[in-house]
Structures are given as C-alpha cells and as structure tokens.
Amino acid sequence: MIFSDFKGMIFDLDGTLIDSNHVWSDIDIKFLAKRGFEVPSGYFKTVSTMNFNQAAVYTNDFFKLNEKIDDIVQEWYDMALYEYSNNIRIKNDVDVFLKKLKDRDMKIALATASAKELYEAVLQNNDIYDYFDFFASTDQVKLGKGFPDVYELACKGLELKPDECAVFEDIIEGIRGAKLGGFTAVACLNDRFIDDWDAMKTESDYYFENYSQLTI
C-alpha cells in the first residue's frame, strides 16, 4: 500500500498506537475481583469497542452489580489515568511513522474509545500529541467502533472525504466499522486479538505487525 496516496490518516489509540491492552486487562481483573468475579471469556474484547459510560452500563448489567454508573466510571478512570500519564508507551516506531506523515503534510486524526483526559495524557507523555490535527472519541457519537460514526467525525474534522483517508485499527470491529464508512482499513495485528487475525487480514485493505514495515 502506498500511504502517500492518501490525504489523511485516522488512528485508533489503544493497541494501535500505544501498548495499553495489558493495563485494561489489569483494571478489569482488579475491578471484578474486588466484587468476587473473574473476567469471563470475551469480556475485554466486548468492552474495547465502548466508551467508559457504555462499558459501565454493560458491566453493571452483565454482572448485576446494582452500582451507580458514575461510580464505576470514576473507579476505572482513577485507575487508568495514572497509567496513561506515567507508564504506557507507544508501540515501536509509531513516532517515526507519524513524523514521516507530517513531513509529507499529511493530516492526522485520532479516533478512540478512550476519554479525552486519557488520550491527551498518554500522547503528551510520549511526545506525539502535536502530530495530531483532530481528535474524535466515541463519546461524541451515537455508535461505537463497530460502526463508522467516530471515523466519520474524525474525517470531517480533517475536512476530508472517507476515500481520502486510511483508518488504522487493531480490532475486527474497528476494521468493519471503517469499511462501512467507505474508508481504507489498515489492520494493526497484535497478540491480544490473535484469534481475529484471519478475519482482519481478509477484511482489511492492508495489515501489518510493526510500524517499521510501513513505507511512505
């Protein structure tokens, strides 16, 4: 794929730009263990497409916690903010790739399910915040990552059309949502969702495991 053919790039955050999946696994484990539950199979993947509020509603209903949604969200947020502000690092060569894009005057947007305070903290802590021209999150749109809404918002923010943008995602739902919106979908393969690799390779327009594989 010749990335210089595009005018804009839209990136997911968790698992695509940053190595944060382990953080959310730890949060899930600690949060549910405190309430006497283990993390069920498929739980992490399900909530990864949701914003905080959606995930809190789902979790509260699924485990019949009968807790206040705001309290769940705040507990998750407090656990996550420290990690995003201090410990989470970008994936190898992400900064190099972003710099190459900006050197070619490419417009870059973020399309994430993470809260603004989290994505700002981790991007700033890793010195890549200034590469981005626009930020979109799923709490700004009606539907989550299985749909094109957040990518369409990011695209609009870049003042581009879907066929002028490539969307980078690490989950099959994100790939499908991008394709539904008419975007070129690029799959970032990581071990967290290895069971979906075959589907991601088949349904995406391009796939890779390391940013060093990508050329401009």
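The structure under discussion appears in the preceding block.
All residue numbers refer to positions counted from 1 along the written sequence of the respective chain. Under the rules for a predicted model, residues below a pLDDT of 70 receive no local features and side-chain atom pairs below 80 are neither given nor counted, while totals for whole chains, interfaces and linings still include all residues. Excluded from the side-chain calculation are hydrogens and water; included are all heavy atoms of the structure.

S.K.: Before we move on, can you summarise the environment of Thr-138 with the specific residues and values?
M.R.: The helix count covers DSSP runs of H or I at least four residues long, the strand count covers runs of E at least two residues long, and both are numbered beginning at the N terminus. If you trace the backbone, Thr-138 turns up in the loop between strand 3 (134-137) and helix 7 (149-157). The sequence separation of Thr-138 and Gly-181 amounts to 43 residues, and the corresponding C-alpha distance is 15 Å. Here, two residues are considered to be in contact whenever any of their heavy atoms come within 4.5 Å of each other. Here Thr-138 is in contact with Met-50, Asn-51, Thr-112, Ala-113, Gly-144, Lys-145 and Val-150, once residues within four sequence places are set aside.

S.K.: Outline empty space enclosed by the protein, supporting the account with residue identities and numerical values.
M.R.: Only protein atoms enter the calculation, which uses a 1 Å grid: trapped sets of points that fit a 1.4 Å probe without letting it out are cavities, open sets showing protein on both sides within 12 Å along at least five of seven lines are pockets, and any residue with an atom within 4 Å of a point is a lining residue. Grid points are joined across faces, edges and corners, and a volume is the space filled by probe spheres set on the points. For the structure on display, the rule yields one cavity of 30 Å³ or more. Size it by volume and the largest cavity reaches roughly 340 Å³. Around the largest cavity, the lining comprises 22 residues; the ones closest to its centre are Trp-24, Val-47, Ser-48, Met-50 and Ala-113. The biggest single contributor to the lining of the largest cavity is helix 1 (residues 21-33), with four residues. Under this grouping Gly is polar, as are all residues other than the nonpolar Ala, Val, Leu, Ile, Met, Phe, Trp, Tyr, Cys and Pro and the charged Asp, Glu, Lys and Arg. Its residues assigned to classes, the lining of the largest cavity shows twelve nonpolar, four polar and six charged.

S.K.: Can you break down the nonpolar core residue by residue, with the values?
M.R.: For this analysis, a nonpolar core means a set of buried residues of the types Ala, Val, Leu, Ile, Met, Phe, Trp, Tyr and Cys, connected via side-chain atoms within 4.5 Å. Only protein chains enter the accessibility calculation, which uses a 1.4 Å probe; a residue whose area is less than 20% of its type maximum is buried, one above 50% is exposed, and one in between is partly exposed. Ranked by internal contacts, the top residues of the largest apolar core, which has 53 residues, are Phe-11 and Phe-168. Among the elements that take part in this core, helix 4 (residues 69-86) stands out by supplying six residues, more than any other. If we skip the residues at most four places from it in the chain, Phe-168 touches Phe-3, Met-9, Ile-10, Phe-11, Asp-12, Thr-16, Phe-97, Val-186, Phe-208, Tyr-211 and Leu-214. Ranked by size, the runner-up nonpolar core spans 22 residues in total, among them Tyr-151, Cys-155, Leu-158 and Phe-183.

S.K.: Account for the pattern of salt bridges, naming residues and giving values.
M.R.: Any Lys or Arg side-chain nitrogen found within 4 Å of a carboxyl oxygen on Asp or Glu counts as a salt bridge. In total, this model carries 13 salt bridges according to the counting rule given. Taking the shortest distance from any N to any O, the salt bridge between Lys-34 and Glu-75 comes out at 3.5 Å. Of the two residues, Lys-34 is situated in the loop between helix 1 and helix 2 (43-47) and Glu-75 in helix 4; the sequence distance between them amounts to 41 residues. With relative accessibility at 18%, the residue Glu-75 sits in the buried group. Where Lys-179 meets Asp-205, a salt bridge forms, and the shortest distance between an N and an O atom there is 2.9 Å. A residue pair is termed long-range when its members are at least 10 positions apart, and Lys-179 in helix 8 (residues 172-180) and Asp-205 in the loop between helix 9 (197-203) and strand 6 (206-208) qualify at 26 residues. Of the residues examined, Lys-179 reaches a relative accessible area of 36% and is grouped as partly exposed. Three or more residues are tied together by salt bridges with common partners; here these are Lys-34, Arg-35, Glu-67 and Glu-75.

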